[in-house]
4 protein chains.
Amino acid sequence: MFEQFHYHRRVAFCDTDAMKVVHHSNYLRYFEEARVAWLRARELSQWHAPHYPMTMAVLESRLRHHRPAYFDDLLTVSLTVRREKLKIRFRYVISSERFIGQAICEGETLHIPVDDEFRVCRLPEGLIRVLEVEPWIET
Amino acid sequence: MFEQFHYHRRVAFCDTDAMKVVHHSNYLRYFEEARVAWLRARELSQWHAPHYPMTMAVLESRLRHHRPAYFDDLLTVSLTVRREKLKIRFRYVISSERFIGQAICEGETLHIPVDDEFRVCRLPEGLIRVLEVEPWIET
Amino acid sequence: MFEQFHYHRRVAFCDTDAMKVVHHSNYLRYFEEARVAWLRARELSQWHAPHYPMTMAVLESRLRHHRPAYFDDLLTVSLTVRREKLKIRFRYVISSERFIGQAICEGETLHIPVDDEFRVCRLPEGLIRVLEVEPWIET
Amino acid sequence: MFEQFHYHRRVAFCDTDAMKVVHHSNYLRYFEEARVAWLRARELSQWHAPHYPMTMAVLESRLRHHRPAYFDDLLTVSLTVRREKLKIRFRYVISSERFIGQAICEGETLHIPVDDEFRVCRLPEGLIRVLEVEPWIET
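Scope of this entry: the structure provided in the associated data block. (Residues numbered from 1 in each chain as written. Chains lettered and ligands numbered in written order. Predicted model: local features only at pLDDT ≥ 70, side-chain atom pairs only at ≥ 80, totals over all residues. Heavy atoms only, no water.)

## What to know about the interface of chain C and chain D
- Between chain C and chain D, the residue contacts involve 22 residues of the former and 22 residues of the latter.
- When chain C packs against chain D, the two sides together hide about 2000 Å² of surface, and 64% of this comes from carbon and sulfur.
- If you look at where chain C meets chain D, you find two salt bridges.
- For E60 of chain D, the salt bridge goes to R64 of chain C, with nearest N and O atoms at 3.9 Å.
- Our enumeration of links across chain C and chain D arrives at six residue pairs in polar contact (both at pLDDT 80 or more).
- Elements represented by at least two residues in the side of chain C that touches chain D include exactly α1 (26-41) and β2 (55-65) of chain C. (Contact = heavy atoms within 4.5 Å. Buried area = accessible area lost by both parts, 1.4 Å probe. Salt bridge = Lys/Arg side-chain N within 4 Å of Asp/Glu carboxyl O. Polar contact = N/O pair within 3.5 Å; in protein donor to acceptor, adjacent residues only side chain to side chain. Helix = DSSP H or I, 4+ residues; strand = E, 2+ residues; numbered from the N terminus.)

Encoded structure:
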């Protein structure tokens, strides 16, 4: 089994809003960055656009916010992923150096693989094999 | 009772991504624009920042995507809202001139009123009175 | 000659940053919205993607900021445009209801028409004819 | 003298647009990320918000685009900076692993230090001392 994947990023100034915290729409961007970084860490980038004619269209998203994030805070997105037949489900827990020991945001996205024309396609075998040894952490 | 509130906006070019469709993170921005337009339509802007020291912090969001939206598509966000004690829940159905008779996206956000320091505060009476005559449409 | 084109839009909450003002990167988005609205007002949308296989790639941009814009401010983007051989130059002056009689931001973008493959292409005749009767206002 | 500062970042999927390339408004965000990373590399973060009541308001920006950037491209922002009395000028050259030996984008931003209330303030001594040993590269 792989270890759980963690993605680190600092809060950019342009991600903040007039409440001086990260605007909630940016968490979906942070989740996406974590997915792309996970693909690279698992050596799966070759099975995804732009290297392969497949992307993972988002069907559903859910987010729960517990604490704010401020400019320059160092965030960690901890990601867990599993295959659900044709679909792939990702879960995310974001923690911050500012609030030790608690999640600032939790979320989930459900994806389906599609080709350039938005037609549902099969998951590549290389991707399926990795998903079989990827840990799923209930949160 | 008020009529249901509808907000119209076209898809901006910068909202699209390399799949040639609206990137999913933008739907949370469209929801927010619809909320702000609803506040204005109901003459409630005075009870919200920057005119009043209160904003409605987002606690939770959910989105389901059924169809894509493309550059320059005319979208309609149909909004419904209700008070849940201290909190306010909004539901959104987005339709597109491109796909008649079906929603392209559905979503929900749950908010809590906070002051400048992120302390939970009471809903202003003016806002509560409007919420009492606002329709709630189950979708 | 046409009258100068003006595009109106309110500042969205997500466009603000931790200084409580519009983040500077958003002005390029406001310029783009004004260009797209101008295309529609001049009945030129048919000569631009997604309706026609041409977009106007940005070669250069310049911005000067004089005053900030705040959440919910009503902004007006006044646009002027001229053809420079194969290229098109747009100039923008943004004014705000908050600061009467002065521009809050001025800018310029230089574009070249390209096809789907980023090959430089000719300006459609319909677009050229409009540019000949479009006023150019020196600022 | 310091060595020139270089900031690396990959193109996020949400940064692309329907032309399948990075939307031009994102380059201003990449410049900002490079400035913030430079502040950290020079141990100057303490002289900037949120750690110190000063930010560097943007007065002017200029961008020239030579080549596109695509999803997942590895970009390098090479930054050079100098003090101009009260102001600070940054120049940026962005290169891409995709186009060896040529800049894909060049730009410049001019800043003025302001406090929380947007009043012009002095540059902190610690920042001035670093600017004196920072190289300025003409491009």
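## Some remarks on the side chain of D72 of chain A
- By the element assignment, D72 of chain A lies in the loop between β2 (55-65) and β3 (74-84).
- Apart from the residues lying within four places of it in its own chain, the contact partners of D72 of chain A are R10, V11 and E97 of chain A together with V36, R40, P50 and H51 of chain D.

## Some words on the sheet that holds β2 of chain A
- Spatially, 10 strands are ordered β1(A)-β3(A)-β4(A)-β5(A)-β2(A)-β2(B)-β5(B)-β4(B)-β3(B)-β1(B) in an open sheet, and the strand pairing comes out antiparallel. The open sheet terminates on both sides in strands that have one partner only, identified here as β1 (5-10) of chain A together with β1 (5-10) of chain B. Along the sheet, successive strands turn relative to each other by an average axial angle of 25°, direction set aside.
- As paired strands, β2 of chain A and strand β5 (residues 99-114) of chain A are joined by 10 bridges and run antiparallel to one another. Each bridged residue has a counterpart across the sheet, and for H65 of chain A the counterpart in β5 of chain A is C105 of chain A.
- On top of the sheet, helix α1 (residues 26-41) of chain A reaches β1, β2, β3, β4 (87-96) and β5 of chain A together with β2 (55-65) of chain B; it is set at about 130° to β1 of chain A, its chief contact. (Pairing = 2+ DSSP bridges. Axes fitted to C-alpha atoms, helices over the stretch in contact; angles between N-to-C directions.)

## Comments concerning the relation of the copies chain C and chain D
- Laying chain C over chain D is done by rotating through 180° and shifting 0.0 Å along the axis; what remains is an RMSD of 0.0 Å. Overall, the copies show the geometry of a two-fold rotation axis. Within chain C, the C-alpha atom positioned nearest to the axis of rotation is that of R62 of chain C, 2.2 Å from it.
- In this assembly the copies share their binding face: 100% of the residues contributing to the interface of chain C also contribute to that of chain D. (Least-squares fit on C-alpha atoms with pLDDT ≥ 70 in both.)

## Some remarks on the packing of aromatic side chains
- The full count for this structure, using the stated rule, is 24 aromatic pairs over all chains.
- Ring centres of F13 of chain A and F71 of chain A lie 5.2 Å apart, and the angle between their planes is 85°; on these two criteria the pair is classed as edge-to-face. Within this pair, whereas F13 of chain A is found in the loop between β1 and α1, its partner F71 of chain A is found in the loop between β2 and β3, the two being separated by 58 residues in sequence. The burial state of F13 of chain A is the same as that of F71 of chain A; both residues are buried.
- Aromatic pair F31 of chain B and Y92 of chain B: ring centres 4.0 Å apart, planes at 5°, arrangement stacked. Here F31 of chain B is found in helix α1 (residues 26-41), whereas its partner Y92 of chain B is found in strand β4 (residues 87-96), with 61 residues between them in sequence. An identical accessibility class is assigned to F31 of chain B and Y92 of chain B; each is buried.
- An aromatic cluster of at least three residues, connected via ring pairs, comprises F31, W38, F90 and Y92 of chain A.
- Between the NZ or CZ atom of R82 of chain B and the centre of the ring of W136 of chain B, over which it lies, the distance is 4.2 Å. (Phe/Tyr/Trp six-rings, centres within 6.5 Å; stacked < 30°, edge-to-face > 60°. Buried < 20%, exposed > 50% of the residue type's maximum accessible area, 1.4 Å probe, protein only. Lys NZ or Arg CZ within 6 Å of the ring centre and 35° of its normal.)

## A closer look at the relation of the copies chain B and chain C
- Note on the copies: chain B fits chain C at an RMSD of 0.0 Å, the axial shift is 0.0 Å, and the rotation between them is 180°.
- The fraction of interface residues of chain B whose copies in chain C are also interface residues reaches 100%, indicating that both copies meet through the same surface.

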